Each structure stands twice: as C-alpha cells, then as structure tokens.
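The lines below spell out each chain.
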Amino acid sequence: MKKIFFLFFLFGILDVSAQNNQIKVDLLDVLALRTFDISYENQLNNEASVGVSMFFNFEPKDSNFRYHEDFQITPYFRQFITESRGFDVFGELFGSLNFAETKKDANGSTQNYSDFALGLGLGIKHISQNGYIFEINTGLGRNLFNSQVSREFVQRHGISIGKQF
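Residues numbered from 1 in each chain as written. Predicted model: local features only at pLDDT ≥ 70, side-chain atom pairs only at ≥ 80, totals over all residues. Heavy atoms only, no water.

Caption draft 1: The arrangement of the nonpolar core in detail. One finds Ile38, Tyr40, Val52, Met54, Phe56, Phe71 and Ile73 forming the largest nonpolar core, which totals seven residues. Elements with a minimum of two residues in this core: strand S2 (35-43), strand S3 (48-57) and strand S4 (69-80). Looking at this core element by element, the count peaks at three residues for S3. (Core = buried A, V, L, I, M, F, W, Y, C linked by side-chain atoms within 4.5 Å. Buried < 20%, exposed > 50% of the residue type's maximum accessible area, 1.4 Å probe, protein only. Helix = DSSP H or I, 4+ residues; strand = E, 2+ residues; numbered from the N terminus.)

Okay, here's the thing in structure tokens:
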C-alpha cells in the first residue's frame, strides 16, 4: 500500500504541462512474467526528456525465471539522437534504487538488501499523431554500494505502450 501511495504522490508533484507528459506500461513484463513496470516521462524539448519508472515483481521466489529485484525506482534522463516523425532513437542515463533478497546460502538463510545502480541504456520510441506511444529499450547498470550481498549488475529492458497527454 505504501508503494502505491508513493506512486500517486510522485505523479502528483511532477510538472503536468500539456502534451509533454507520458504514461507507459511495459507489456513484456506484464505478459511474460508476473511483474509490473509503469513509467512517467516528461518531454523537456525535442531533444531530451526525464522520467521515473517503478517496477514491482510478483513472481514467486521459486520460479525458474524471475528478475532478482523485488522492487525498483528508476529515474532516468534521455537524450534523443534522431528527430523524425517515425521511430526516434535515444540514449539513456539512469539510476536504480533496487530492493531484493539474496539467494539461499548453505544454511538455507536469505538476506534482504537495497542498493543503488547507475547505468546506460538505449532504445527507440514512436509517438503517433493521436499520442499513443510504442517504445523498446534496453540498458545495464552497476550496483554501487552493497556489493557483499547485492547483485553486481541491474538490467533494464522492455517493450512498452502508453499515452501522451
């Protein structure tokens, strides 16, 4: 419940000027795994945007494939490389505050951890004339602080759809 309240609070304090805001949902996560990734992005100008993504992992810990992170907050900055009416290519700098649990050790115990990663990504985005968004992105970041228990790398990728308003 606290996470959902935080999400609404975060969207409430962000600038909401006309036709610069975008909400997106990662379809890859929703359809392939029991995870939910929602993003808010604000277009600063034709060349740059800033945003924040929130990731929730509902996949059971004993699944064959799952993301290691249980929850992530990922602020990002995007610089668009192309400026066309088709698919625009962008580079991304992101940070990821991630929370997870380590794998079981020989004694069967686990440990919760939180860490912060910095990373780079790239992707393509298309915004239709009606304001619908299609986006593909990928990226990789390195956790910086809790190296004894956290994973070394944090991945970021998705196929998202959304709406500009």
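Caption draft 2: Summary view of the environment of Ile133. Here Ile133 is to be found in strand S7 (residues 132-143). For Ile133, a relative accessible area of 4% translates into the label buried. In the structure, Ile133 is positioned 30 residues away from Lys163 in sequence and 5.6 Å away in space, judged by C-alpha atoms. Once you skip the residues sitting within four places of it in the chain, Ile133 turns out to touch Gln22, Lys24, Lys125, His126, Ile127, Ser160, Ile161, Gly162, Lys163 and Gln164. (Contact = heavy atoms within 4.5 Å.)

Caption draft 3: View of the pairing of strand S6 (residues 112-127). Summarising the sheet, strand S5 (residues 88-101) and S6 pair through 14 bridges and their orientation is antiparallel. Bridged to Asp88 within S6 is Lys125. Taken together, the eleven bridges between S6 and S7 define a ladder with antiparallel strand orientation. If you follow Ile127 over to S7, its bridge partner there is Ile133. Between S6 and the antiparallel strand that follows it, S7, lie four residues; Gly131 among them carries a positive phi value of about 90 degrees. (Pairing = 2+ DSSP bridges.)

Caption draft 4: Representation of the pattern of salt bridges. Going through the model one piece at a time under the given rule, you end up with ten salt bridges. Of the charged contacts, one joins Glu152 and Arg142 as a salt bridge, the two residues approaching to 2.6 Å between their closest N and O atoms. Highlighted residues: Glu152 in the loop between S7 and strand S8 (153-164) and Arg142 in strand S7, separated in sequence by ten residues. Accessibility expressed as a relative area gives 40% for Arg142, which makes it partly exposed. One connected set of salt bridges, linked through shared partners, spans Lys24, Glu41, Arg78, Glu92, Lys125, Glu135 and Arg156. (Salt bridge = Lys/Arg side-chain N within 4 Å of Asp/Glu carboxyl O.)

Caption draft 5: Highlighting a nonpolar patch on the surface. Together, Leu27, Leu28, Val30, Leu31, Phe36, Phe58, Phe87, Phe134, Ile136, Ile159 and Ile161 make up an exposed nonpolar region whose accessible area comes to about 920 Å². When contributions to the nonpolar patch are tallied by element, the ones reaching two or more residues are helix H2 (27-32), S7 and S8. Sort the elements by how many residues they give to the nonpolar patch and H2 lands first, with four residues. Note that Val30 resides in helix H2. (Patch = residues over 30% accessible without salt bridge, like charges linked within 9 Å, V, L, I, M, F, W, Y side chains within 5 Å. Areas by Shrake-Rupley, 256 points an atom, 1.4 Å probe, with all protein chains shown as cover.)

Caption draft 6: Spatial organisation of the side chain of Ser49. Its place among the elements puts Ser49 in strand S3. In this structure Ser49 comes out as buried when scored by relative accessible area, which is 0%. Ignoring any residue separated from it by four or fewer positions in sequence, one finds Ser49 in contact with Glu41, Asn42, Gln43, Leu44, Tyr76, Phe77, Arg78 and Phe80.

Caption draft 7: A look at the packing of aromatic side chains. Inspection of the entire model under this criterion finds six aromatic pairs. Between Phe80 and Phe90 the ring centres are 5.7 Å apart and the planes differ by 65 degrees, which places this aromatic pair in the edge-to-face class. In this pair, Phe80 sits in strand S4 while Phe90 sits in strand S5, placing the two residues ten residues apart along the sequence. Phe90 shares its class with Phe80; the two are buried. A connected cluster of aromatic rings, assembled from ring pairs, spans Phe36, Phe56, Phe58, Phe71 and Phe99. Sitting over the ring of Phe94, Arg156 keeps its end group 5.7 Å from the ring centre. (Phe/Tyr/Trp six-rings, centres within 6.5 Å; stacked < 30°, edge-to-face > 60°. Lys NZ or Arg CZ within 6 Å of the ring centre and 35° of its normal.)

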